[in-house]
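As a plain string of letters, each chain reads:
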Amino acid sequence: MGKRLGLCLVLGFLVVSLETAFADTVESSTSAGPGIFSEDGIYHGLSKALRDSGNGMEWTVDAGYSRTSFSERKGPPVVDITRSLTGTLGEERDGWRYGASYFISDTPAENLLGTGPLIYLGHTWEGSGNRPSLDLKIRYSSLNYRLDSHTGVLALGQDEAHVGTGLSWSMFSLYAGYGDYQYRHNVQQFNGGLQSSQTIRAAFTRLRAAIYGFPRYTVEGAATVSPDADWQLTLNEVKTDALIPHGTIYATQILAAHEFGRWEIDVGAERDLDIKFNQTMGLLNVSYHFDE
């Protein structure tokens, strides 16, 4: 039922975009390293009203694919392939942003299915003169995982509340965010039915850094410098306190972005470190912006 509902929502977004708007951006987002590969294909559309006046509807369709190979127990590495689909419909009006998403993921080797909604709200106060711009955003998600394991059918609910704020002035911008995670059902029991907890992606796609496993909370900070209109450099740091794997996880990400007309290319690296493993991933994002 959840999968059919999500597919209907995504198809509805595509119909709206074809009839009432133009395609704004198509993006490919790739992360790759030892034992991990992920790819997101992202379509972002805007209504003509939003494009022309700053007030109107927007929508996003994000199709994701990830492959993880990781050994948490004795024996050969566990290889999990996860496919995901996220559809988002929202609106911007007078500096406010609000909307909702629906998420579906499927990991056949684990007999694992994830579904759930997300809602978000944000507002931007534009600066003028020497005053910086301030951006505030809040999101809430409620994911439900179903696992058909050798011990029977297991369920896990994961609720996340996240608040973030950004400050932009001249060529500099700063971002800080905090996310709190709560679980319905027994996390230890659910994890015992998985071959690898690395297959659980703890939040939605298009994050500043990937978060895997079962976090209790995350703290995030980022600094961006734009020396001119075409270049952008970003340093991002995420600290996660996790239930499984128990302990603190750090993720550091560096990205350099450059625009070539309608094209934008981001190249960088991410370093993840926790008590059980550390890994370095290469990052490549390529996006194309359409004109009318």
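What counts and how
Residues numbered from 1 in each chain as written. Predicted model: local features only at pLDDT ≥ 70, side-chain atom pairs only at ≥ 80, totals over all residues. Heavy atoms only, no water. Helix = DSSP H or I, 4+ residues; strand = E, 2+ residues; numbered from the N terminus. Buried < 20%, exposed > 50% of the residue type's maximum accessible area, 1.4 Å probe, protein only. Salt bridge = Lys/Arg side-chain N within 4 Å of Asp/Glu carboxyl O. Core = buried A, V, L, I, M, F, W, Y, C linked by side-chain atoms within 4.5 Å. Contact = heavy atoms within 4.5 Å. Pairing = 2+ DSSP bridges. pLDDT = per-residue confidence, 0-100. Phe/Tyr/Trp six-rings, centres within 6.5 Å; stacked < 30°, edge-to-face > 60°.

Let's talk about unusual backbone geometry
Next, step 1: Even without being glycine, asparagine 111 reaches a positive phi, approximately 55°.
Next, step 2: As for its position among the elements, asparagine 111 is in the loop between β5 (96–107) and β6 (112–125).
Next, step 3: For serine 170, which is not a glycine, the phi torsion comes out positive at approximately 55°.
Next, step 4: Positionally, serine 170 belongs in the loop between β8 (152–169) and β9 (172–184).
Next, step 5: For serine 170, a relative accessible area of 65% translates into the label exposed.

Remarks on the environment of glycine 129
Next, step 1: For glycine 129, the position within the fold is in the loop between β6 and β7 (133–149).
Next, step 2: The class of glycine 129 is exposed, set by a relative accessible area of 77%.
Next, step 3: Expressed as a C-alpha distance, the spacing of glycine 129 and tryptophan 169, which sit 40 residues apart in the sequence, is 9.9 Å.

Points about the pattern of salt bridges
Next, step 1: If you walk through the whole model with that rule in mind, you get eight salt bridges.
Next, step 2: With a shortest N-O distance of 2.6 Å, aspartate 241 and arginine 216 are connected by a salt bridge. Of this pair, aspartate 241 sits in strand β11 (residues 231–244) while arginine 216 is found in strand β10 (residues 214–225), placing the two residues 25 residues apart along the sequence.
Next, step 3: When its relative accessible area of 15% is taken as the criterion, aspartate 241 is described as buried.

Side note on the nonpolar core
Next, step 1: Leu112, Tyr145, Leu156, Phe190, Leu194, Ile200 and Phe214 are the most contacted members of the largest nonpolar core, which has 18 residues in total.
Next, step 2: With three residues, β7 is the single largest residue contributor to this core.
Next, step 3: Setting aside residues up to four positions removed in sequence, leucine 112 forms contacts with Ser105, Asp106, Thr107, Tyr145, Arg146, Leu147, Phe190, Leu194, Thr199 and Ile200.

A closer look at the pairing of β11
In summary, the side chains of a regular strand alternate between the two faces of the sheet.
Next, step 1: The pairing of β10 with β11 spans 11 bridges and is classified as antiparallel. Each bridged residue has a counterpart across the sheet, and for valine 219 the counterpart in β11 is lysine 239.
Next, step 2: When β11 meets strand β12 (residues 247–260), the two strands line up antiparallel, connected through 12 bridges. Bridge pairing in β12 places glutamine 232 opposite alanine 257.
Next, step 3: From the end of β11 to the start of β12, which pair antiparallel, there are two residues.

Digging into the confidence of the model for the protein chain
Reading predicted coordinates in detail is not appropriate for stretches of low pLDDT.
Next, step 1: Model confidence for the protein chain is summarised by a mean pLDDT of 85, while 85% of its residues fall at 70 or above.
Next, step 2: Per-element mean pLDDT across the protein chain ranges from 50 in helix α1 (residues 2–20) up to 95 in β6.

Some thoughts on the packing of aromatic side chains
Next, step 1: A full pass over the atoms with the stated rule returns six aromatic pairs.
Next, step 2: Here the aromatic rings of tyrosine 178 and tyrosine 217 are separated by 6.0 Å at their centres, their planes lie at 25°, and the arrangement is stacked. Placement of tyrosine 178 in strand β9 and of tyrosine 217 in strand β10 is noted, with a sequence separation of 39 residues between them.
Next, step 3: Taking the relative accessible area as the measure of exposure, tyrosine 178 reaches 37% and is therefore partly exposed.
Next, step 4: Geometrically, the ring pair formed by tyrosine 288 and phenylalanine 290 is edge-to-face, given 5.0 Å between the ring centres and 85° between the ring planes.
Next, step 5: Counting every residue linked through ring pairs, the aromatic cluster contains Trp263, Tyr288 and Phe290.

Some remarks on the environment of leucine 50
Next, step 1: With respect to the helices, strands and loops of the structure, leucine 50 is situated in helix α2 (residues 48–53).
Next, step 2: It is 8.4 Å that separates the C-alpha atoms of leucine 50 and glutamate 91, two residues lying 41 residues apart in sequence.
Next, step 3: Setting aside chain neighbours within four positions, we find leucine 50 in contact with Asn55, Gly56, Met57, Glu58 and Glu92.

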